[in-house]
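# Summary of structural features
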Amino acid sequence: MRRLLPLLLLLAAAASSPAPAAEARAAFACAQGEPATSLAFCNRSAPLHARARDLVSRLTRSEKVRLVVSNAAGVPRLGVAGYEWWSEALHGVSDTGQGVTFGGAFPGATAFPQVLGTAAALNASLWERIGQAVSDEARAMYNGGQAGLTFWSPNVNIFRDPRWGRGQETPGEDPTISSRYAVAYVRGLQQQQSSSSSTSNRGLKVAACCKHFTAYDLDQWGGTDRYHFNAIVSPQDLEDTFNVPFRACVTAGNVAAVMCSYNQVNGVPTCADEAFLKGTIRGEWGLDGYIVSDCDSVDVFFNDQHYTRTAEDAAAAALRAGLDLDCGKFLSLYTEPAVAERKLTDADVDAAVTNTVTVQLRLGLFDGDPATGPYGHLGPKDVCTPAHQQLALEAALQGIVLLKNDDDKHGGLPLRAAAHRTVAVVGPHADATVAMIGNYAGKACKYTTPLQGVAGYVEQAVHAAGCADVACAGAEQPVAAAVDAARRADATVVVAGLDQKVEAEGLDRSSLLLPGRQAELISAVAKASKGPVIVVLMSGGPIDIAFAQNDPRIAAILWAGYPGQAGGQAIADILFGHHNPGGKLPVTWYPEDYLQKVPMTNMAMRANPASGYPGRTYRFYTGPTVYPFAHGLSYTRFTHTLAHAPAELTVRLAAAPTSSSLLDTPHSGAAVRVADARCEGLTVPVHVDVRNVGGRDGAHTVLVYHSAAAAAAAEGGAPARQLVAFEKVHVAAGGVARVDVAVDVCEGMSVADRDGVRRIPVGEHRFVIGEITHTVTLGVEELGV
């Protein structure tokens, strides 16, 4: 990943000065006056698939194979330009991919918080709004010739292991949160035009891509890397954990693309797995778009994994499996020889090119002058707008999690500017800029550092880093200066944590502890400070911060994730009570000794008591935690009252039951296959009244957990509990708000059996919502089978 350099653009100047004009992008194809305008693929009134087939029918084999790679060549004789498919927009337009360049009229783009931090907001409408803002900036940069329109985002892999360096890019460990994030962000990015009921005929603002399918969550750990890792995954774990967000991406989000991963799953590279690509993604889920490899994945499964004997066999395996586009050049080199050797057919190549061209058509690339299209008006004035930068601040505020807040004699949060006039801001991230945006980021419009944020509230903000960098290693660290600053201040804020030198793509962690002498710095400052000590943590992955949680001299702890360009302002707004925190941890924070029990290469989600394997994530792990999943405090307090939920519900069968429709064993009781149930409209309505019984207005997320019957959990490995619904609501102090959710029975109350078949257990199911427990009994129509 490229190093990112600070970019300081003054918001006031950007708002008041006219933005430089960007050069208009030339038409990709079908421009007026070109010879191809009379051909069928340029006919804008024709169905898109028909237009795509017409274009493909006019191409030679050599021309086709140059279109199945990310740096696709043009077809000059037909007026079709070359196209770079690889652009990134994980949490803002990024120049990590080859398709985006910053400079000139587009020196930067809005840098929203890293995904894990935004996920902590548990606010699907926020996620969609961020996607919309990013798509505005992406289209503007495309119009100016500095971006593509195919963005390989979001990353929706499950954050299974706390060491994973890329966990920061994901929405966390929970399949429900990851699924809703995926759908919301994809909808925000793509903004599909709804003029047609056919997905393939709906126009796209930009094309999103859900990655990396599937069971990819190890980069470099213990001598194993992602290029050589064979993930052994049970059908049960694939069905109820790893594949869940991808299914939502395709079926609910109508995403335009899915990316397969480097690793093998059960001995087969995912980019050569026909059962996955053609069977699951395109067949079962109905993807109407393209499937792309992670960069050089085809090359990897040939040269590194030695999956095929020859390069031509590798090209054939990928395209026959259903891969449409190679991020890299491998397919451009070996596809044509594979066809000549009859390992592959022209029809296989045609199918791939047709899928990619159809997406380009949905983006308007074959509609002539882009300035005349629905997004042709977007330009430099639509990038780094005040509204987008305000949204970046709002996202950071909503995602910050208050982990600890003591009300003892040392005080706690919020700080008061009148009482805390001099504040020491110390720690390796005290004056952070680039570190605040995490990986897969672009160049920010501007930065507000934690030091700058605090300085805006107090008479004097005293800075002493305490560590030369995040590694904070060696005897020469300036700890003493930070201790001295804390001793003289009315309050001390220690901004500590991780960065991309500790956790990143290609770099998994070996420890959950703070690097180097950071813990020593925090404890020394806490011992010396005459006022309250607040610890602010920036990180993607969880940290074992138990020493600070248990230290009575540390009044409060905040987790800020990587909070984006406005992170410093957001931190200060929460420290001084301008904003009431409401974020919830999207991952479990484990103690350091958890790592000794769990090899990163063990993909099993469920615990194995016989071997001492403790399981993973809140759904299956029952051991001690530093902070549990969904932990997060507020400056006020909320209570829940169940206003309405049914006590009984009947599951109707879609057809006459067969012997396999109902499973009836002495251990698990009866269960209905989801495939045999009438799922449409089958929901449990749950209405909850949320009351703010504290003295401050605040936002609160209602979390609805489901537990299946105990027999189903014991026999079938059902999760101990599973988040099935959540909604965020703002409640004024002393007020009450009604939250209505509908739990999908087939999706939320079913259990994947060991064969990966989803079944709905008959009998009692429990819902837990805060302090409320409600039981719903499920019956089945015509149960006597």
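It should be noted that the structure appears before, not after, this text.
Residue indices begin from 1 for each chain and proceed along its sequence in written order. Whole-chain, interface and lining totals are the exception, using all residues; otherwise, since this is a predicted model, local features are given only for residues with pLDDT of at least 70 and side-chain atom pairs are given and counted only at 80 or more. Side-chain calculation: all heavy atoms of the structure are included, whereas hydrogens and water are not.

## A few points about empty space enclosed by the protein
Here a cavity means grid points, on a 1 Å grid over the protein atoms only, where a 1.4 Å probe fits yet cannot get out; a pocket means an open set of points with protein on both sides within 12 Å along at least five of seven lines; lining residues are those with an atom within 4 Å of a point. Grid points are joined across faces, edges and corners, and a volume is the space filled by probe spheres set on the points. A full pass over the atoms with the stated rule returns five cavities of 30 Å³ or more. In this structure, the largest cavity occupies an estimated 90 Å³ of space. Lining the largest cavity are 13 residues, with Phe28, Leu67, Ala72, Val357 and Gln360 sitting closest to its centre. In terms of residues, the lining of the largest cavity owes the most to one element, helix H13 (residues 346-362), which gives three residues. Comment: elements are numbered from the N terminus, with helices defined as DSSP H or I runs of at least four residues and strands as E runs of at least two.

## A closer look at unusual backbone geometry
At the junction of Ser153 and Pro154, the peptide bond is cis and its omega measures out at 10° in the coordinates. In this structure, Pro154 sits in the loop between helix H5 (124-143) and helix H6 (175-190). Note that the residue after Phe213, namely Thr214, is joined by a cis bond; omega there is 0°. Tracing the backbone shows Thr214 in the loop between strand E3 (210-213) and strand E4 (220-221). One non-glycine residue, Cys30, lies in positive phi territory at about 65°. Tracing the sequence through the fold places Cys30 in the loop between helix H1 (11-16) and helix H2 (48-57). Summary of the burial criterion: residues with accessible area below 20% of their type's maximum are buried, those above 50% are exposed, and those between are partly exposed, where the area comes from a 1.4 Å probe applied to protein chains only. The class for Cys30 is buried, based on a relative accessible area of 8%.

## Here's the deal with the packing of helix H11 (residues 311-321) against helix H12 (residues 330-340)
Angles run from 0 to 180 degrees between N-to-C directions of axes, and those axes are lines fitted to C-alpha atoms, restricted for helices to the stretch in contact. Where H11 meets H12, the axes come as close as 8 Å, and the angle between the chain directions of the two elements is 95°. In terms of orientation, H11 lies roughly perpendicular with respect to H12. The segment H11 lies against H12, with Ala311, Glu312, Ala314, Ala315, Ala316 and Leu319 engaging Phe330, Leu331, Tyr334, Thr335, Pro337 and Ala338. Residue classes follow a fixed rule: Ala, Val, Leu, Ile, Met, Phe, Trp, Tyr, Cys and Pro count as nonpolar, while Asp, Glu, Lys and Arg count as charged, and any other residue, Gly among them, counts as polar. Considered class by class, the residues forming the contact of H11 with H12 number ten nonpolar, one polar and one charged. Should an angle fall under 35 degrees it is taken as roughly parallel, and over 145 as roughly antiparallel, whereas 65 to 115 is taken as roughly perpendicular and any remaining angle as oblique. Here, residues are in contact when the closest pair of their heavy atoms is within 4.5 Å.

## Concerning the state of the cysteines
We call a pair of cysteine sulfur atoms a disulfide when they lie within 2.5 Å. Counting across every chain of the model gives seven disulfides. One disulfide bridge connects Cys30 with Cys42, the sulfur atoms lying 2.0 Å from each other. Taking the torsion about the S-S bond as the criterion, the Cys30 to Cys42 disulfide, at about -80°, is left-handed. Note that Cys30 is positioned in the loop between H1 and H2 and Cys42 in the loop between H1 and H2, a separation of twelve residues in sequence. Owing to a relative accessible area of 10%, Cys42 belongs among the buried residues under this scheme.

## Details of the side chain of Asp240
With respect to the element layout, Asp240 can be found in helix H7 (residues 235-242). Any N or O atom pair separated by 3.5 Å or less is treated as a polar contact, with the protein-specific requirement of one donor-capable and one acceptor-capable atom, and with residues adjacent in sequence counted only for side-chain atom pairs. At 2.5 Å, the side chain of Asp240 and the side chain of Arg606 are in polar contact.

## Comments concerning the environment of Leu319
Structurally, the position occupied by Leu319 is in helix H11. When the C-alpha positions of Leu319 and Ala351 are compared, they lie 9.0 Å apart, and in sequence the two are 32 residues distant. If we skip the residues at most four places from it in the chain, Leu319 touches Leu331, Thr335, Leu344 and Ala352.

## Notes on helix H19 (residues 567-575)
Burial within H19 is extensive, with eight of its nine residues counted as buried. Taken as a whole, H19 has its buried residues at Gly567, Gly568, Ala570, Ile571, Ala572, Asp573, Ile574 and Leu575. Where H19 is buried, its residues touch helix H14 (386-399), helix H15 (450-455), strand E14 (491-497), strand E15 (533-538) and strand E16 (554-559). Positive phi shows up at Gly577, right after H19, with a value of about 80°.

## A short note on the pairing of strand E12 (residues 422-426)
Most of E12 is tucked away: five of the five residues are buried. Every second residue of E12 is oriented toward a common face, with Thr422, Ala424 and Val426 on one face and Val423 and Val425 on the other, all of them buried. One ladder, built from five bridges, connects E12 with strand E13 (residues 460-464); its direction is parallel. By the bridge assignment, Val425 is partnered in E13 with His463. A crossover counts as right-handed when, viewed with the strands pointing away from the observer, the path leading from the first strand over the helix to the second turns clockwise. One crossover worth recording links E12 to the parallel E13 by way of H15, and it is right-handed. Relative to E14, E12 runs parallel, the two sharing four bridges. Across the sheet, residue Val425 finds its bridge partner in E14, namely Val493. Whether two strands pair depends on DSSP finding at least two bridges between them.

## Concerning the sheet that holds E12
Spatially, six strands are ordered E11-E16-E15-E14-E12-E13 in an open sheet, and the strand pairing comes out mixed. Unpaired on one side and paired on the other, strand E11 (401-405) and E13 mark the two borders of the sheet. Across the sheet, the axes of successive neighbouring strands diverge by a mean angle of 20°, strand direction being ignored. Running at roughly 160° to E13, helix H16 (residues 479-488) makes contact with E12, E13 and E14 of the sheet. Against the sheet, H19 engages E14, E15 and E16, with an angle of about 150° to E15.

## A look at the sheet that holds strand E8 (residues 264-265)
Pairing within the open sheet is mixed, and its three strands lie in the order E6-E8-E9. Either end of the sheet is taken by a strand with one partner, and the two such strands are strand E6 (230-231) and strand E9 (268-269). Pairing of E6 with E8 involves two bridges; the strand directions are parallel. Bridge assignment links Asn230 to a residue of E8, and that residue is Gln264.

## Observations regarding the pairing of strand E7 (residues 257-260)
In regular strands, side chains alternate between the two faces of the sheet. Burial along E7 is two-sided: Ala257 and Met259 facing one way and Val258 and Cys260 facing the other are all buried. Judged from the two bridges that link them, E3 and E7 form a sheet pairing that is parallel. Pairing of Phe213 across the sheet is with Cys260, part of E7. Bridging between E7 and strand E10 (residues 290-293) involves four bridges; their strand directions are parallel. Across the sheet, the residue bridging to Val258 is Ile291, located in E10.

## What to know about the packing of H7 against helix H8 (residues 244-251)
Packing of H7 against H8 leaves a shortest axis separation of 5 Å and a crossing angle of 55°. Relative to H8, the element H7 lies oblique. When H7 is examined against H8, the residues Leu238, Glu239, Asp240, Thr241 and Phe242 are found in contact with a partner set consisting of Val244, Pro245, Phe246 and Arg247. Of the residues that constitute the contact of H7 with H8, the class distribution is five nonpolar, one polar and three charged.

## Observations concerning the nonpolar core
A general tendency of soluble globular proteins is for nonpolar side chains to be buried together. For our purposes a nonpolar core is just a set of buried Ala, Val, Leu, Ile, Met, Phe, Trp, Tyr and Cys residues, chained together by side-chain atoms within 4.5 Å. Counting residues in hydrophobic clusters, the biggest one holds 221 residues, and the most contacted among them are Trp152, Phe366 and Trp589. Top element by residues in this core is H5. It accounts for ten residues. Formed by 33 residues, the second largest nonpolar core is a distinct cluster that contains Phe638, Val651, Val745 and Cys746.

## A word on the packing of aromatic side chains
The criterion for an aromatic pair is that two Phe, Tyr or Trp rings (for Trp, the six-membered ring) have centres within 6.5 Å, with stacked assigned to planes under 30 degrees apart, edge-to-face to planes over 60 apart and tilted to the rest. Here the structure, examined in full by the defined rule, presents 26 aromatic pairs. Relative to Tyr216, the ring of Trp164 lies with its centre 5.5 Å away and its plane at 80°, an arrangement referred to as edge-to-face. Of this pair, Trp164 sits in the loop between H5 and H6 while Tyr216 is found in the loop between E3 and E4, placing the two residues 52 residues apart along the sequence. With a relative accessible area of 1%, Tyr216 lands in the buried category. Relative to Phe330, the ring of Phe302 lies with its centre 6.0 Å away and its plane at 55°, an arrangement referred to as tilted. Highlighted residues: Phe302 in helix H10 (residues 297-303) and Phe330 in helix H12, separated in sequence by 28 residues. Both residues of the pair, Phe302 and Phe330, count as buried. Taken together, the aromatic side chains of Phe28, Phe41, Tyr83, Trp85, Tyr290 and Phe366 make up a single cluster linked through ring pairs. The side chain of Arg180 reaches across the aromatic face of Phe726, ending 4.4 Å from its centre. The ring of Tyr705 carries the charged tip of Arg721 above its face, separated from the ring centre by 4.4 Å. Here, over-ring charges are defined by two tests on the NZ atom of lysine or the CZ atom of arginine: distance to the ring centre within 6 Å, and angle to the ring normal within 35 degrees.

Everything listed is a geometric property; what it means functionally is a separate question.
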